[in-house]
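Residue strings, one per chain:
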Amino acid sequence: MQTRTIAEPYKIKMVEPIKTTTRDYRAQKIREAGYNTFLLKSEDVYIDLLTDSGTSAMSDWQWSGMLLGDEAYAGARNFYNLERAVQEIYGFKYVVPTHQGRAAEHITSQLRITRGQYVPMNMYFTTTREHAERAGGIFYDCIIDEAHDAANPHPFKGNVDIAKLQKLVDEKGADAIAYLSIAPCVNMAGGQPFSMANLRAVAAWANQYNLPIIFDATRAIENCYFIQQREPGYAHKPVREILREMMSYGEGMTISSKKDNLVNIGGFIATNNEQFFTQAKEMVVIFEGLHTYGGLAGRDMEAIARGIYEMVDDAYIASRVRQVEYLGNRLLDAGVPIVVPIGGHAVFLDAKRFLPHLPQEHFPAQALAAALYVDSGVRAMERGIVSAGRDHATGQNRKPKLELVRLTIPRRVYTNLHMDVVAESCIALYEEREKIKGLRMTYEPTSLRFFQARFEEL
Ligand code: F0G
């Protein structure tokens, strides 16, 4: 039982001022932004919990590496530093850099999916599914049912349900599956991890059918921390070792380096499959840039390489996840409905239980995110019916069971006093929740609509 406070294993060397605004000002700004927090100006935000993507604070070691950027078109030394970091930490031999995660997903989907093939995923992620579908793939949800229930306290809600995979193979045959796309700390489920035991079982199952696992390793190290904390046999293993074991079950990975890797831009594909590597190298040149930079500057690759070594520090990852838990526990103590267990990168408000007077058609999570901004200048993100979009075949709204507002914590950026401000605002809103009105969509983009959709109050 942990009784003494454990603080962050770093101190603050540089600060960036943030603006406080009035309630009237924010009410006007959210109206102008069509009640979509993506359309607010960052300078009008006090505490920005829109995303943990690209919002990390880099260390002095990363910044000093930026000055060593080798801005050659081909074969920059920083590419080789990145390649070495990926080989040592993730354990994959071949690396293809991309400008961010979705670019790695694009290339992987185009190369690895044949039109009409299924792509099982442990819940969807917006861009991952979009790229699979654009390549002619069919998304198949293989996460355990518990993941779709915000109140279920299962410790590994990111687990794959092997019976669902077996059903797909029995009905369609193994050839109808492109690969298994497995994400650690499942974003849309609330940042929920899978267990190593589950992954091991999935890998053994997949092996029988020669089906590869390609990880979306965007938040793998946070998942490794949960394995260390929760799974028998891992309590004394460093996250660095846990990550190597996890990745050993996959043929490769895509990643958005903007999360775990502690940088503001970047991503890559990594694999042990030489043929996939060769094809990805050919394709990256068309869409991103030469295979030794993939849309990144040399300095960006250096920052990723150094971020990869920093993320596997046990003290760092513990303080990162514990800050998320700090915010979540404050809300739980006050009775505010959130997704449990508390996830690795964010606290998710359960808008269905927060605003039971609003039907899903009135966009409760969108309305709650807007209300939070007006109350305190805290910016969050809708993760519900707007994010789920429409079914490509029927044109109907997908109606996800989870209707959430994500309070996403950037890495190494805010203090726990900032978390207190966020918690107090959520609690105040919860006490006056019946005052929050639903929304009507006035503009709807054709794909990934949540980024640019506009709304007005009902
Ligand atoms: N996979 C996961 C699990 C993600 O969370 C993201 C991005 C991506 C892939 C795509 O990576 O943004 O570098 O192109 N998630 C961000 C978020 C946008 O806010 O959750 P990207």
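Look up: the structure comes first, before these words.
Residues numbered from 1 in each chain as written. Predicted model: local features only at pLDDT ≥ 70, side-chain atom pairs only at ≥ 80, totals over all residues. Heavy atoms only, no water.

The next subject is the site of the ligand. Thr-51, Arg-102, Asp-216, Ser-256 and Lys-259 are the nearest of the 17 residues found near the ligand. In the environment of the ligand, an oxygen atom lies 2.7 Å from a nitrogen or oxygen atom belonging to the side chain of Ser-256. A total of 470 Å² of accessible area belongs to the ligand in isolation, and the protein chains cover 94% of it. Residues that form the shell around the ligand fall into these classes: two nonpolar, eight polar and seven charged. (Near = heavy atom within 4 Å. Polar contact = N/O pair within 3.5 Å; in protein donor to acceptor, adjacent residues only side chain to side chain. Areas by Shrake-Rupley, 256 points an atom, 1.4 Å probe, with all protein chains shown as cover. Nonpolar A, V, L, I, M, F, W, Y, C, P; charged D, E, K, R; others polar.)

This paragraph deals with the state of the cysteines. All told, the structure shown has zero disulfides when counted by the stated rule. Free of any disulfide, Cys-185 has its nearest neighbouring cysteine sulfur in Cys-224, separated by 8.6 Å. You can call Cys-185 buried: its relative accessible area is 1%. (Disulfide = S-S within 2.5 Å. Buried < 20%, exposed > 50% of the residue type's maximum accessible area, 1.4 Å probe, protein only.)

For the rest of this paragraph, the subject is the packing of aromatic side chains. Throughout the structure, instances matching the rule amount to 13 aromatic pairs. Relative to Phe-451, the ring of Phe-38 has its centre 5.0 Å away and its plane inclined at 75°; by these criteria the two rings are edge-to-face. You can see Phe-38 sitting in the loop between helix 1 (23-32) and strand 1 (47-48) and its partner Phe-451 sitting in the loop between strand 13 (439-443) and strand 14 (454-457), a full 413 residues away along the chain. Overall, Phe-38 belongs to the partly exposed group, its relative accessible area being 21%. Both rings, one in Phe-79 and one in Tyr-80, keep their centres 5.1 Å apart while their planes meet at 80°; by these two values the pair is edge-to-face. With relative accessibility at 39%, the residue Tyr-80 sits in the partly exposed group. Every member of this aromatic cluster is reached through a ring pair, and the members are Phe-38, Phe-450 and Phe-451. Positioned over the ring face of Phe-450 is Arg-383, at 4.7 Å from the centre of the ring. Between the NZ or CZ atom of Arg-412 and the centre of the ring of Tyr-316, over which it lies, the distance is 5.8 Å. (Phe/Tyr/Trp six-rings, centres within 6.5 Å; stacked < 30°, edge-to-face > 60°. Helix = DSSP H or I, 4+ residues; strand = E, 2+ residues; numbered from the N terminus. Lys NZ or Arg CZ within 6 Å of the ring centre and 35° of its normal.)

Fair warning: the whole summary comes from geometry, so function is off the table for now.
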